[in-house]
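# Architecture and fold: a report
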Amino acid sequence: MTITYDVLIVGSGHAGAQAAIALRQLKFEGSIAIVGDDPEIPYERPPLSKDYLVGIKSFDRILIRPEAFWVDRGVDLLRGLRVVSIDPSAHRVTTDDCGVIGYRQLVWATGGQARKLQCPGYDLAGVHTIRSRDDVDNLHAEIDTTMRVVVVGGGYIGLECAASLSKMGKQVTVLEALDRVLARVAGEPLSRFYEAEHRAHGVDIRLNEQVECIEGRAGRAIGVRLASGEVFATDMVIVGIGIVPSVEPLRAAGAASGNGIAVGEYGQTSLPDVFAIGDCALHTNVFTDYSEIRLESVQNAHDMALCVAKAIIGNPEPYRAVPWFWSIQYDLHLQTVGLSTGYEQVVLRGNPEDRSFSLVYLKAGRVVALDCVNAAKDYVQGKALVVGRVAAKTQDLSDVSIPLKTLVGTLSDVTSE
Ligand code: FAD
């Protein structure tokens, strides 16, 4: 007999867990199940490159909720099961153990898989990506015999891993293909600041470097060869070059898609009674002037989950949440609000040498985003500038004696100039 759930959530990560939590908070009384291919109950991913990697936090401390929570709330956790196909007209999914589960509403929250290198040696032992608990536990199993680590990719995850591993006493090299780290997500002053910080901690940051292959011996990685011919001898390689959204079963069922599953403003896909949320959802965001984007952040996973939960209980509200993000490297706490995509100007507020400063991003003279390093006050106050898309003078933004909150009302002054 096929079990049918009122809401079936596929994916037990941040978005899937939060969808169930939000539904119960909104007093939804129907049956809910989360089917996830991870054998664990839902846990947080950000610590995987930070405190869990270093060993400061145990697995119990990164659970999204304790096990009893899911039992108390009547949420069935179907662990270690992968959905392989969907029949949208029958409202059923099939899992990799050939099981069939019915749904009234389906929430697709499958995130993405870590992108692998496309070069010889990509699959040698000792080459790691970091997306799940298992990934980090596998890395931990090798850590005692590891002295040198090459991190491929200078994005947030690569840099966080570099900071964590250097904290653990490893000799770390970061290879970045572009001419600066964080090039896709931040302005140049932030990139240069982080490059200098990592170098000061003994991390060798190499820019404009293309990996040609991973060299191996007896099936194990022993070096990374660059296009220039240079070889970095290493005991371990960590690849942090983004994710590929896990959307094939939905795509095969006919859902409209691009770089992710296309969703409307309530998280609805093109298939009846099917929603998509989190890292796998391609949506038009208010903060990108309604152009399509797929965001990879806890904020987006949580807020899209809430948006879809509201739609399911019949109280739909369009997705309008303000994007935010954080990253921790060494003693540097970066907080980001808004999206700097397409910015035209970046204003430095404060002095990076003080290790507390912000970058304010402007488009057409209006504030679209802030990156705040050890500057929580700017982050909190800057949010209103982003939400209001406030036009502000660059000399005011760069003057640390002027609190950002006092600039919120300056819109008309500036536009009338
Ligand atoms: P996920 O959390 O990836 O969950 C998706 C789940 O679905 C996975 O368990 C997956 O295995 C499962 N799944 C996939 N396909 C199927 C299928 N067919 N059937 C069943 N299950 C399936 N964000 C921040 O905002 N700040 C940070 O500091 C930060 N640091 C990060 C550090 C690391 C190492 C990583 C990996 C991510 C970090 N992120 C951070 C990003 C953040 O964790 C993600 O944006 C968030 O996890 C997205 O949630 P999600 O539920 O959409 O996807």
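Residues numbered from 1 in each chain as written. Predicted model: local features only at pLDDT ≥ 70, side-chain atom pairs only at ≥ 80, totals over all residues. Heavy atoms only, no water.

## Looking at helix 6 (residues 188-200)
Over its 13 residues, helix 6 extends 18 Å from the first C-alpha to the last, a length consistent with the 18 Å expected when each residue adds 1.5 Å. For helix 6, every residue scored as buried is listed here: L190, S191, F193, Y194, E195, E197 and H198. Elements that come into contact with the buried residues of helix 6 comprise helix 5 (156-167), strand 11 (204-206), strand 22 (324-329), strand 23 (332-338), strand 25 (356-363) and strand 26 (366-373). Of the residues one or two after helix 6, G202 is the one with positive phi, at around 90°. (Helix = DSSP H or I, 4+ residues; strand = E, 2+ residues; numbered from the N terminus. Expected span 1.5 Å × (residues − 1). Buried < 20%, exposed > 50% of the residue type's maximum accessible area, 1.4 Å probe, protein only. Contact = heavy atoms within 4.5 Å.)

## A few points about the confidence of the model for the protein chain
Overall, the predicted model of the protein chain reaches an average pLDDT of 96, with 98% of residues at or above 70. When the criterion is pLDDT under 50, residues 411-417 qualifies, and its contacts beyond four places in sequence or with other chains add up to 10 contacts. (pLDDT = per-residue confidence, 0-100.)

## Looking at the sheet that holds strand 24 (residues 345-351)
Overall, antiparallel pairing links the five strands, which are arranged 22-23-26-25-24 in an open sheet. Sheet topology places strand 22 and strand 24 at the edges, where each strand pairs with a single neighbour. Mean inter-strand twist for the sheet, computed between neighbouring axes without regard to direction, equals 15°. Across six bridges, strand 22 lies against strand 23 in antiparallel orientation. In the strand pairing of strand 23, W324 is matched with V337. (Pairing = 2+ DSSP bridges. Axes fitted to C-alpha atoms, helices over the stretch in contact; angles between N-to-C directions.)

## Remarks on the pattern of salt bridges
Across all of its chains, the model carries 23 salt bridges by this definition. Ionic pairing is found between R79 and E67, a salt bridge with its closest N-O pair at 2.8 Å. Of this pair, R79 sits in strand 3 (residues 75-79) while E67 sits in helix 3 (residues 67-72); the two residues are 12 residues apart in sequence, bridging distant segments of the chain. The closest approach of N and O atoms between R131 and D279, which form a salt bridge, is 3.0 Å. You can see R131 sitting in the loop between strand 8 (127-128) and helix 4 (133-143) and its partner D279 sitting in the loop between strand 19 (274-276) and strand 20 (281-284), a full 148 residues away along the chain. Taking the relative accessible area as the measure of exposure, D279 reaches 11% and is therefore buried. Taken together, the shared-partner salt bridges connect E40, R133 and D137 into one network. (Salt bridge = Lys/Arg side-chain N within 4 Å of Asp/Glu carboxyl O.)

## Quick look at the packing of aromatic side chains
The way to describe two aromatic rings as a pair is by their centre distance and the angle between their planes. Following the criterion strictly, the structure yields eight aromatic pairs and no others. On the numbers, 5.2 Å between centres and 65° between planes, the contact of Y43 with F59 is edge-to-face. Residue Y43 is located in the loop between strand 2 (32-36) and helix 2 (51-54), and its partner F59 is located in the loop between helix 2 and helix 3; the two are separated by 16 residues in the primary sequence. For the residue pair Y43 and F59, the accessibility class agrees, reading buried in each case. (Phe/Tyr/Trp six-rings, centres within 6.5 Å; stacked < 30°, edge-to-face > 60°.)

## Description of the environment of A311
You can see A311 is positioned in helix 8 (residues 298-312). It is 10.0 Å that separates the C-alpha atoms of A311 and L23, two residues lying 288 residues apart in sequence.

## Quick look at the side chain of S340
With respect to the element layout, S340 can be found in the loop between strand 23 and strand 24. Residues in contact with S340, not counting those within four places in the same chain, are V185, Y361 and A369.

## Considering the nonpolar core
In this structure, W108, L190 and Y194 are the most contacted members of the largest nonpolar core, which totals 96 residues. Looking at this core element by element, the count peaks at eight residues for helix 8. Beyond its immediate sequence surroundings of up to four residues, Y194 is in contact with L159, V181, L182, Q329, L332, L334 and V373. If you look at the next biggest cluster of nonpolar residues, it comprises 21 residues, including V337, V347, V367 and L385. (Core = buried A, V, L, I, M, F, W, Y, C linked by side-chain atoms within 4.5 Å.)

## Examining the packing of helix 1 (residues 14-25) against helix 8
The N-to-C vectors of helix 1 and helix 8 enclose an angle of 40°; their axes lie 8 Å apart at closest approach. One finds that helix 1 runs oblique with respect to helix 8. Between helix 1 and helix 8 lies a crossing whose hand is right-handed. Packed against helix 1, whose contacting residues are H14, A15, Q18, A19, A22 and L23, the element helix 8 presents V298, A301, H302, A305, L306, A309 and I312 at the interface. (Parallel < 35°, antiparallel > 145°, perpendicular 65-115°, else oblique. Left-handed = near helix turned anticlockwise from the far one by under 90°.)

## Topic: the site of the ligand
Taken together, 32 residues lie near the ligand, and D37, R45, K50, R131 and D279 sit nearest. One of the side-chain nitrogen or oxygen atoms of R82 is found 3.5 Å away from a nitrogen atom of the ligand. A distance of 2.9 Å separates an oxygen atom of the ligand from a polar backbone atom of S297. Taken together, the elements giving at least two residues each to the shell around the ligand come down to helix 1, strand 2, helix 8 and strand 22. Looking at the shell around the ligand, its residues break down into 14 nonpolar, 11 polar and seven charged. (Near = heavy atom within 4 Å. Polar contact = N/O pair within 3.5 Å; in protein donor to acceptor, adjacent residues only side chain to side chain. Nonpolar A, V, L, I, M, F, W, Y, C, P; charged D, E, K, R; others polar.)

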